[in-house]
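# A structural walkthrough
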Amino acid sequence: MVEVYYHDNKDTPEDFTESHNSGIPVTFDKLSSIGVIYKKITTQEELDKLAKERDYKNRDEIDLNLASFNNDIEAYNNKMTTFYKEHYHEDEEIRYIVDGEGYFDVRDPNDKWIRTKLNKFDLLILPAGIYHRFTLTNEIKSIKAVRLFKDEPKWEAINRDSGRNTEARTSYAQSIVV
Ligand code: KMT
Ligand code: NI
C-alpha cells in the first residue's frame with residue numbers, strides 16, 4: 001500500500017534508506033497540485049491503456065538490488081548515492097513498480113521533501129523539471145520497476161547542486177504557485 005508523508009529531514013549518509021516519516025501525511029491532491037500523479041494499476045490492460053493515452057510508446061524494466069550489480073557492493077552503493085542525490089530530468093519520470101519497494105522523494109513548493117513509499121502495483125509520474133531523489137527501503141533493498149517513455153528518453157540527471165537550470169526546470173518552477 002502506498003504511503004505519502006513529509007520526510008523528517010533527519011537522514012544521514014548511513015540511514016537514508018530508513019522511513020524518516022515525520023508523521024505528517026500528504027494527500028494525493030497535494031501531490032497532483034505539484035504535478036505528481038499517483039495511480040494504482042493492477043492489470044496489464046490498465047497499464048497499456050495509460051501508456052496509450054499518454055503516448056508512452058516504449059518501456060523497459062529496471063531491476064535494482066545488490067544482485068543486479070553482481071554483488072559488487074561498491075558499484076551498488078555508487079548507484080544508490082547517485083539516485084539519492086537531488087536532481088531533475090528534462091522528461092517525465094514514470095515508474096510502475098512490479099516487485100520490491102522504494103522511496104521517491106519530491107520537493108513541495110516550500111522546498112520541503114514529500115516522501116512516497118511505493119510497492120507492487122503503484123505507478124508514479126514525476127513531471128519534467130521537478131527536484132526529486134530515490135532510494136530503496138532498508139527492509140527490502142530491492143525494486144523492479146517498468147520505466148515508460150515516449151521516444152528517446154532524456155534521463156540525464158541534472159543535479160540541483162550543479163545550478164544548471166534548463167527550460168524544463170524553469171517552466172516547471174513557473175507552473176507551481178506557492
Ligand atoms: C531516477 O532517475 O531517479 C530513477 O530512475 C530512480 C530509480 S527507478 C527504480
Ligand atoms: Ni530521477
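Description of the structure in this document. (Residues numbered from 1 in each chain as written. Chains lettered and ligands numbered in written order. Predicted model: local features only at pLDDT ≥ 70, side-chain atom pairs only at ≥ 80, totals over all residues. Heavy atoms only, no water.)

### Remarks on helix 4 (residues 167–175)
Within the span of helix 4, buried status applies to Ala168, Arg169 and Tyr172. The buried residues of helix 4 occupy an angular sector of 95° when the element is viewed end-on, so they sit on one face. Helix 4 presents Glu167 and Gln174 as exposed residues on the side facing more than 90 degrees away from its buried surface. Here the buried face of helix 4 lies against strand 5 (87–88). (Buried < 20%, exposed > 50% of the residue type's maximum accessible area, 1.4 Å probe, protein only. Helix = DSSP H or I, 4+ residues; strand = E, 2+ residues; numbered from the N terminus. Arc of directions from axis to C-beta. Contact = heavy atoms within 4.5 Å.)

### Looking at the coordination of the nickel ion (ligand 2)
Coordination of the nickel ion (ligand 2) by the protein involves His87 (NE2), His89 (NE2), Glu93 (OE) and His132 (NE2), with metal-donor separations of 2.0 to 2.2 Å. Classification of the site at the nickel ion (ligand 2) as irregular follows from its 6 donor atoms and the range of 55 to 171° in their angles at the metal. Read in sequence order, the donor residues coordinating the nickel ion (ligand 2) give the pattern H-x1-H-x3-E-x38-H. With a gap of 39 residues between them, Glu93 in strand 6 (residues 93–107) and His132 in strand 9 (residues 132–136) connect regions that are remote in the sequence. Judged by relative accessible area, His132 falls into the buried class, the value being 2%. (Donors = N, O, S within 2.8 Å, 3.2 Å for Na, K, Ca; no water. Tetrahedral: all angles 85-135°; square planar, octahedral: opposite > 155°, others 65-115°.)

### Notes on the environment of Thr137
Following the sequence through the fold, Thr137 ends up in the loop between strand 9 and strand 10 (143–149). Along the primary structure Thr137 and Ile125 are separated by 12 residues, whereas in three dimensions their C-alpha atoms are 19 Å apart. Not counting chain neighbours up to four residues away, the residues in contact with Thr137 comprise Thr17, Glu101, Gly102, Tyr103 and Lys117. Here Ile140 takes part through its backbone nitrogen, which lies 3.2 Å from a polar atom of the side chain of Thr137. (Polar contact = N/O pair within 3.5 Å; in protein donor to acceptor, adjacent residues only side chain to side chain.)

### Observations concerning the site of ligand 1
Surrounding ligand 1, one finds Phe83, His87, His89, Glu93, Arg95, His132, Phe134 and Ile143. Here an oxygen atom of ligand 1 sits 3.0 Å away from a polar atom, N or O, in the side chain of His89. Considering ligand 1 on its own, with 300 Å² of exposed area, one finds that the protein chains cover 96% of that surface. Elements represented by at least two residues in the shell around ligand 1 include exactly strand 6 and strand 9. (Near = heavy atom within 4 Å. Areas by Shrake-Rupley, 256 points an atom, 1.4 Å probe, with all protein chains shown as cover.)

### Concerning the nonpolar core
Within the largest apolar cluster, 27 residues are counted, with the highest numbers of intra-cluster contacts made by Ile34, Val36, Val106 and Ile114. Mapped by element, the contributors of at least two residues to this core are strand 1 (3–7), strand 4 (58–64), helix 3 (73–84), strand 6, strand 7 (113–119), strand 8 (122–126), strand 9 and strand 10. Counting residues per element, this core draws most heavily on strand 6, which supplies 3 residues. Setting aside chain neighbours within four positions, we find Val106 in contact with Leu31, Ile34, Val36, Lys112, Trp113, Ile114, Leu126, Ile130, Tyr131 and His132. Counting 11 residues, the second-largest nonpolar core is a separate cluster that includes Leu50, Ile94, Tyr96 and Ile125. (Core = buried A, V, L, I, M, F, W, Y, C linked by side-chain atoms within 4.5 Å.)

### A short note on the packing of aromatic side chains
Here the structure, examined in full by the defined rule, presents 7 aromatic pairs. On the numbers, 6.1 Å between centres and 70° between planes, the contact of Phe69 with Tyr76 is edge-to-face. In this structure Tyr76 comes out as buried when scored by relative accessible area, which is 10%. Seen from their ring centres, Phe104 and Phe134 are 4.7 Å apart, and the 55° between their planes marks the pair as tilted. Taken together, the residues Phe104 in strand 6 and Phe134 in strand 9 connect sequence positions 30 residues apart. Assessed through its relative accessible area of 4%, Phe104 is described here as buried. Residue classification places Phe134 among the buried positions, given a relative accessible area of 6%. By way of ring pairs, the aromatic residues Phe83, Phe104 and Phe134 are connected into one cluster. (Phe/Tyr/Trp six-rings, centres within 6.5 Å; stacked < 30°, edge-to-face > 60°.)

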